Amino acid sequence: VPVLGDVLSGDRNLKYPKHTQRLVQKAKERCINLLLMPPGMQRHLSNKSTKYDVKKDIIYWKVEFIFHRIGERDKEHNTAVLTLERLSENEDVSLHLRRAIDRNVVHSGPSNYKRSILKEFMKSQYSGLIKRVPCSSSRPMYNRVSLCSSL
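What counts, and at which threshold
- Residues numbered from 1 in each chain as written.
- Predicted model: local features only at pLDDT ≥ 70, side-chain atom pairs only at ≥ 80, totals over all residues.
- Heavy atoms only, no water.
- Helix = DSSP H or I, 4+ residues; strand = E, 2+ residues; numbered from the N terminus.
- Buried < 20%, exposed > 50% of the residue type's maximum accessible area, 1.4 Å probe, protein only.
- Contact = heavy atoms within 4.5 Å.
- Areas by Shrake-Rupley, 256 points an atom, 1.4 Å probe, with all protein chains shown as cover.
- Pairing = 2+ DSSP bridges.
- Axes fitted to C-alpha atoms, helices over the stretch in contact; angles between N-to-C directions.
- Polar contact = N/O pair within 3.5 Å; in protein donor to acceptor, adjacent residues only side chain to side chain.
- Core = buried A, V, L, I, M, F, W, Y, C linked by side-chain atoms within 4.5 Å.
- pLDDT = per-residue confidence, 0-100.
- Salt bridge = Lys/Arg side-chain N within 4 Å of Asp/Glu carboxyl O.

1. With respect to the overall build of the chain
Now for step 1: Looking only at helices and strands, one finds 4 helices and 7 strands in the chain.
Now for step 2: When the helices and strands of the chain are read in sequence order from the N terminus, they spell out β-α-β-α-β-β-β-α-α-β-β.
Now for step 3: By the burial criterion, 34% of the 151 residues in the chain qualify as buried.
Now for step 4: Contacts in the chain between residues at least 24 apart in sequence constitute 52% of all its contacts with a sequence separation of at least 6.
Now for step 5: Working note: accessible area of the chain is about 10,200 Å², and carbon and sulfur atoms make up 51% of it.

2. Details of the sheet that holds strand E3 (residues 51-53)
Now for step 1: What the 3 strands build is an open sheet, ordered E3-E4-E5; its pairing is antiparallel. The open sheet terminates on both sides in strands that have one partner only, identified here as E3 and strand E5 (79-88). This sheet shows a mean twist of 25° between the axes of neighbouring strands, independent of strand direction.
Now for step 2: Contacting E3 and strand E4 (58-68), helix H1 (residues 18-29) runs over the sheet at an angle of about 80° to E3.
Now for step 3: Its contacts with the sheet place helix H4 (residues 112-123) against E4 and E5, and it is angled at close to 70° to E5.

3. Remarks on unusual backbone geometry
Now for step 1: Backbone geometry at Asp 57 places phi at a positive 55°, although glycine is not the residue there.
Now for step 2: One can find Asp 57 in the loop between E3 and E4.
Now for step 3: For Asp 57, a relative accessible area of 40% puts it in the partly exposed group.
Now for step 4: Even without being glycine, Arg 86 reaches a positive phi, approximately 55°.
Now for step 5: Relative to the helices and strands, Arg 86 is located in strand E5.

4. A closer look at the side chain of Asn 104
Now for step 1: Relative to the elements of secondary structure, Asn 104 occurs in helix H3 (residues 93-107).
Now for step 2: In terms of polar contacts, Asn 104 uses its side chain to reach the side chain of Lys 114, at 3.2 Å.
Now for step 3: Beyond its immediate chain neighbours, meaning those up to four positions away, Asn 104 contacts Leu 82, Lys 114 and Leu 118.

5. Comments concerning the nonpolar core
The tendency in soluble globular proteins is for nonpolar side chains to be buried side by side.
Now for step 1: Membership of the largest hydrophobic core comes to 25 residues, with the highest contact counts inside it found for Phe 65, Phe 67, Ile 101 and Leu 118.
Now for step 2: Secondary structure elements with two or more residues in this core: H1, E4, E5, H3 and H4.
Now for step 3: Residues within four places of Ile 101 in sequence aside, it is in contact with Phe 67, Leu 82, Leu 118, Phe 121 and Met 122.

6. Some words on the confidence of the model for the chain
Now for step 1: On average, the chain scores 77 in pLDDT, and the residues at 70 or more come to 78%.
Now for step 2: Confidence, expressed as mean pLDDT per element, reaches its minimum in the chain at strand E1 (residues 6-7) with 42 and its maximum at E3 with 92.
Now for step 3: Note on residues 1-10: pLDDT under 50 across the span, and 32 contacts to partners over four residues away in sequence or across chains.

7. Let's talk about the side chain of Glu 89
Now for step 1: Inspection of the secondary structure puts Glu 89 in the loop between E5 and H3.
Now for step 2: Glu 89 gets classed as buried once you look at its relative accessible area, which sits at 12%.
Now for step 3: A polar atom in the side chain of Glu 89 sits 2.8 Å from the backbone nitrogen of Ile 59.

8. So, the pattern of salt bridges
If charged atoms from side chains of opposite charge come close, those side chains can pair.
Now for step 1: Summed over the entire model, instances satisfying the criterion amount to 3 salt bridges.
Now for step 2: Across the pair Asp 57 and Arg 30 runs a salt bridge, and its minimum N-O distance is 3.3 Å. One end of the pair, Asp 57, is in the loop between E3 and E4; the other, Arg 30, is in the loop between H1 and strand E2 (35-36), with 27 residues separating them in the sequence.
Now for step 3: Residue Arg 30 is joined to Glu 89 by a salt bridge in which the shortest nitrogen-to-oxygen separation is 2.7 Å. In this pair, Arg 30 sits in the loop between H1 and E2 while Glu 89 sits in the loop between E5 and H3, placing the two residues 59 residues apart along the sequence.
Now for step 4: With relative accessibility at 24%, the residue Arg 30 sits in the partly exposed group.
Now for step 5: Through salt bridges with shared partners, a single ionic network connects Arg 30, Asp 57 and Glu 89.

This is the structure:
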């Protein structure tokens, strides 16, 4: 379930622009409980690329993938983040993810740890977890998702 942060329902939806209201409605029609952060929050300001295309009747998502290296003591160098913008709800996630990883493995610059984490991920049997929202921050809950299908 893709999530963006504070539940919209009834009159609360009216404080958002029409295009955002349409995005929430179209997500609801697809059985997606789309949550939005309040307008002043950093997450709301940074996520401007999740959109609904009226002509194509498609939702395009901004998806952030976080790769963790298990058991690494150096907390600063055990995570790699990749962000995919305009990922169509109908497209295969693994295809776009593989392209992004390939680009970063070749062009990750001085961050060797990021390149190393992504190489390990590609060699492993991988699966994805998507955070359930809302949930307690002290006990986050996740659902397993297939990376070989569309969103």
